[in-house]
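Here are the chains, one letter per residue:
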Amino acid sequence: MSPEPTHDVVVVGGGAAGLSAAVALARSLRSVAVVDAGEPRNAPAAGAHNLLGREGVPPLELLAAGRREAEQYGAEIVTDRAVTARAGEHGFTIGLAGGGELRARRLLLASGLVDELPDVPGVAELWGRSVLHCPYCHGWEVRGRRIGVLGAGPMSVHQALLFRQLSEDVVFFPGRMADPGAEAWEQLDALGVRVVEGPVQRLRLEGDELRAVVLDDGQEVPVDAVVVAPRFVARADLYEQLGGTLTEHPVGELIATGPMGSTAIPGVWAAGNAGDLSAMVSAASGAGLVAAAAINADLVAEDAAAAVRARAAV
Ligand SMILES: Cc1cc2nc3c(=O)[nH]c(=O)nc-3n(C[C@H](O)[C@H](O)[C@H](O)COP(=O)(O)OP(=O)(O)OC[C@H]3O[C@@H](n4cnc5c(N)ncnc54)[C@H](O)[C@@H]3O)c2cc1C
């Protein structure tokens, strides 16, 4: 017989999604442990924007406050990396890199995603500062500046149009991307987006400052910011260990979820970027709350059924 659970719920990931879930679960008097490796996706950014009431808060400061709020209701925060997951009679056993394990009746994967950046020298160095992907996250900060958009796929033209809303000086570098079609070229042209053809070799940096996009032929185009289209890949090792598979999406891979975060594996939920590649902080937080409510309701139903069975057995 497998050992009894140590917690009602283990949450893997203590970002906006995981901590919001932990607060709601702990406030429902659920025993909850959050395992967090402390690497939220937006860590390189100076501030988190479009966050009502906390506009521009440094990402790690926001999560430190979230940890305190969760702990204040009794959630346990375990600073570690969850490396193994297996299902058993009573739920799930989560193994930790630092040794030891947690056992829970339900599992919430709030492990976020990995931004796979284009392999262009300079991009990784300035990621989240002057190399950007999201106009809502950092668009205001580069409004009116010289913005270069590195073409990678159909989304790149969309990005160029979105950033054109924020600046009249947008240069599009199609590089080796497939031809986006006549309509796309016409839109870029009509909006005054300059197109510079040819493979991009690297970004030119001076210290920590972005200076220019450098092409293979040596041409340099001065820019203040560069927009890229990463591939977004949900962190799903544990889901895969439990038998789950990632679902393809036009811009990456995710854990497919139902409306309240349920997954194809009974007892396992996903929230935040793990299940929604486009979720910003507020949306990730909302998804964590919704999943927590669904998990609590599921446990309530299980407990009620067990109580009925126990009474009938007397
Ligand atoms: C550069 C950049 C800037 C951004 N700026 C903004 C912005 O201004 N406003 C906004 O709304 N959104 C912004 N975003 C998006 C924002 O980062 C996401 O919406 C948010 O991080 C999603 O929250 P999450 O909880 O799903 O994942 P995350 O915040 O990524 O948190 C996941 C957590 O899980 C942990 N984890 C993963 N796997 C394990 C494991 N196996 N064991 C233990 N822990 C694990 C990670 O270490 C991490 O701490 C930005 C994104 C980027 C890349």
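Per chain, residue numbering runs from 1 following the sequence as it is written. In keeping with the model being predicted, local features are shown solely for residues with a pLDDT of at least 70 and side-chain atom pairs are shown and tallied solely at 80 or more, while totals for entire chains, interfaces and linings include all residues. The side-chain values count all of the structure's non-hydrogen atoms but skip hydrogen atoms and water molecules.

### Quick look at the site of the ligand
What counts here: Definition of nearness: a residue and a molecule or strand are near each other if at least one heavy atom of the residue lies within 4 Å of the molecule or strand. N or O atoms closer than or at 3.5 Å make up a polar contact, with two conditions inside protein: a donor-capable atom paired with an acceptor-capable one, and, for residues adjacent in sequence, both atoms drawn from side chains. Where accessible areas are quoted, they stem from the Shrake-Rupley method and a 1.4 Å probe; at the residue level, only the protein chains shown are allowed to cover. Secondary structure elements follow DSSP: runs of H or I of four or more residues count as helices, runs of E of two or more count as strands, with numbering from the N terminus. Basically, the charged four are Asp, Glu, Lys and Arg, the nonpolar ten are Ala, Val, Leu, Ile, Met, Phe, Trp, Tyr, Cys and Pro, and anything else, Gly included, counts as polar.
Taken together, 37 residues form the shell around the ligand, and within it D36, E39, H49, A279 and V281 come nearest. The contact in question runs from an oxygen atom of the ligand to an N or O atom on the backbone of G38, over 3.4 Å. Relative to its unbound accessible surface of 980 Å², the ligand loses 97% to contact with the protein. Of all elements in the fold, only α1 (16-27), β2 (32-36), α4 (135-138) and α8 (281-313) reach the threshold of two or more residues within the shell around the ligand. Residue classes in the shell around the ligand are distributed as 16 nonpolar, 14 polar and seven charged.

### Considering the domain arrangement of the protein chain
What counts is decided by this rule: An automatic or database domain assignment is the source of the domain bounds shown. Whether two residues touch is decided by their heavy atoms; if any such pair falls within 4.5 Å, the residues are in contact. Accessible area that two parts lose when put together, evaluated with a 1.4 Å probe and summed over both, is termed the buried area.
One can read the domain layout of the protein chain as domain 1 (7-115 + 231-313) and domain 2 (118-227). Between domain 1 and domain 2, the contact holds nine residues from the first and nine residues from the second. Where domain 1 abuts domain 2, roughly 670 Å² becomes buried across the two surfaces, and 63% of that area is made up of carbon and sulfur atoms. For domain 1, the biggest contributors to the area lost against domain 2 are P44, H49 and M280; these three give 52% of the whole.

### A closer look at the sheet that holds strand β14 (residues 220-222)
Rules: In short, DSSP must find at least two bridges between two strands for them to pair. Axis lines are fitted through C-alpha atoms, for helices just across the contact stretch, and the angle between N-to-C directions can take any value from 0 to 180 degrees.
Pairing in this open sheet of three strands is antiparallel, and the strands run β12-β13-β14 from one edge to the other. Bordering the open sheet on either side are β12 (200-206) and β14, each of which pairs with just one other strand. Each strand axis lies, on average, 30 degrees off the axis of its neighbour in the sheet, ignoring direction.

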